[in-house]
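Commentary on secondary and tertiary structure
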Amino acid sequence: MSAEPGDQSNQAEKRLIVLSGPSGVGKSTVVAALRREYPDVWLSVSVTTRAPRPGEEDGVQYHFVSDEEFDELVAADQLLEWAQFAGNRYGTPRAPVQARLTAGLPVLLEIELQGARQIRETMPEALHVFLAPPSWDELVRRLTGRGTEAEEVIQRRLETAKVELAAEKEFDTTLVNTSVQDVCGELLALMAAPKV
Ligand SMILES: Nc1ncnc2c1ncn2[C@@H]1O[C@H](COP(=O)(O)OP(=O)(O)OP(=O)(O)O)[C@@H](O)[C@H]1O
Ligand SMILES: Nc1nc2c(ncn2[C@@H]2O[C@H](COP(=O)(O)O)[C@@H](O)[C@H]2O)c(=O)[nH]1
């Protein structure tokens, strides 16, 4: 079915940007830097069963929910996508994303690989951006240096990182996070440009 003049549904889908990449590569850092400079960039706030890290606030970095609450969101079909990652569950609340897209406003999702794959299936017009580390050793340094996970969790995330790095070719484009400032500029340019 082709879109009618004035129908923004097709255009709106093109405004959906999915940012993915291995744990510790710098996704949150890049998005935070981008939003400091451009506060209008809207990032979906995910739900998670993970415990908050020191300094994280409910409703800001995540909506922190119990396993039972997460089950209820899944059962009620309120998540656009969701996945199990390193022992916790994460999902994108459907309603706020759909409201933004229907209004023709851009949406940024920062999610892991399984969720990105679900979005590719359900919303094929989304632009998928892979954030890659400059090297494996630098990824390990960043994830370890962040100091937020126990050694066992770091190892689990690094095992998953190998799978995620192997999936880079599934993405529309790759940005290498050597400099946060450079990647912000590149991401901003991608967000402004229609997908071709
Ligand atoms: N370009 C960069 N150069 C050096 N350090 C960086 C760079 N980008 C991010 N970092 C650092 O790497 C660490 C991991 O960054 P961040 O938490 O943003 O990763 P992430 O991809 O969001 O991880 P996760 O998927 O686990 O949430 C942080 O300590 C951050 O300060
Ligand atoms: N599939 C989804 N993945 C998500 C979502 N929100 C965040 N994430 C990703 O989970 C991992 C771990 O995050 P952390 O905050 O515990 O380090 C990371 O790759 C995030 O991008 C989501 O809604 N769906």
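Residues numbered from 1 in each chain as written. Chains lettered and ligands numbered in written order. Predicted model: local features only at pLDDT ≥ 70, side-chain atom pairs only at ≥ 80, totals over all residues. Heavy atoms only, no water.

- An unreviewed UniProt entry lists the protein chain under the name Guanylate kinase, with Nocardiopsis coralli as the source organism.
- Here is the UniProt Subcellular location (unreviewed entry) comment for the protein chain, exactly as written: "Cytoplasm". (UniProt positions renumbered as here; feature names shortened; annotations may be inferred.)

**So, the packing of aromatic side chains**
- This structure, assessed with the given rule, holds 5 aromatic pairs.
- The rings of Y62, F64, F85 and Y90 are connected pair by pair, giving a single aromatic cluster.
- Sitting over the face of the ring of W82, R89 holds its NZ or CZ atom 5.9 Å from the ring centroid. (Phe/Tyr/Trp six-rings, centres within 6.5 Å; stacked < 30°, edge-to-face > 60°. Lys NZ or Arg CZ within 6 Å of the ring centre and 35° of its normal.)

**Section: the sheet that holds strand β8 (residues 173-176)**
- Ordered by their spatial adjacency, 4 strands build an open sheet running β6-β1-β7-β8, and the pairing between neighbours is parallel. Strands at the two margins of the open sheet, each flanked by one partner only, are β6 (107-110) and β8. Strand-to-strand twist across the sheet, computed as the mean angle between neighbouring axes with direction ignored, equals 25°.
- Note that strand β7 (residues 127-132) and β8 share 4 bridges and pair parallel. Following the sheet pairing, V129 is matched in β8 by T173.
- Contacts between helix α8 (residues 180-192) and the sheet are confined to β1 (16-20), β6, β7 and β8, with β8 contributing the most and set at about 160° to the helix. (Pairing = 2+ DSSP bridges. Helix = DSSP H or I, 4+ residues; strand = E, 2+ residues; numbered from the N terminus. Axes fitted to C-alpha atoms, helices over the stretch in contact; angles between N-to-C directions. Contact = heavy atoms within 4.5 Å.)

**Looking at the layout of surface pockets**
- If you add up the space inside the largest pocket, you get close to 960 Å³.
- Lining of the largest pocket is provided by 36 residues; of these, K27, S28, R53, Y62 and E110 occupy positions nearest its centre.
- Mapped by element, the contributors of at least two residues to the lining of the largest pocket are α2 (27-37), β4 (79-85), β5 (88-93), α6 (136-146) and α7 (151-166).
- Here the lining of the largest pocket takes 6 residues from α2, the largest share from any one element.
- Considering only residue class, the lining of the largest pocket consists of 12 nonpolar, 12 polar and 12 charged. (1 Å grid on protein atoms, 1.4 Å probe; cavity = no way out; pocket = protein on both sides within 12 Å on 5 of 7 lines; lining within 4 Å. Points joined across faces, edges and corners; volume = space filled by probe spheres on them. Nonpolar A, V, L, I, M, F, W, Y, C, P; charged D, E, K, R; others polar.)

**Observations concerning the sheet that holds β5**
- Strand order across the open sheet formed by 4 strands is β3-β2-β5-β4, with mixed pairing between neighbours. Sheet topology places β3 (62-64) and β4 at the edges, where each strand pairs with a single neighbour. Neighbouring strand axes in the sheet, compared pairwise and without regard to direction, differ in orientation by 25° on average.
- Bridge count between strand β2 (residues 46-48) and β5: 2 bridges; the pairing is antiparallel. By the bridge assignment for β5, T48 is matched with Y90.
- Against the sheet, helix α4 (residues 94-102) contacts β4 and β5, and its axis sits at roughly 30° relative to β5.

**With respect to the side chain of K27**
- With respect to the helices and strands, K27 occurs in helix α2.
- No salt bridge is formed by the buried K27; its nearest oppositely charged neighbour, E110, is found at 4.6 Å.
- Among the polar contacts made by the side chain of K27, one reaches the main-chain carbonyl oxygen of G21 at a distance of 3.0 Å.
- Excluding its chain neighbours within four sequence positions, the residues that come into contact with K27 are L19, S20, G21, P22, E110 and L131. (Buried < 20%, exposed > 50% of the residue type's maximum accessible area, 1.4 Å probe, protein only. Lys, Arg positive; Asp, Glu negative; His and termini not counted. Salt bridge = Lys/Arg side-chain N within 4 Å of Asp/Glu carboxyl O. Polar contact = N/O pair within 3.5 Å; in protein donor to acceptor, adjacent residues only side chain to side chain.)

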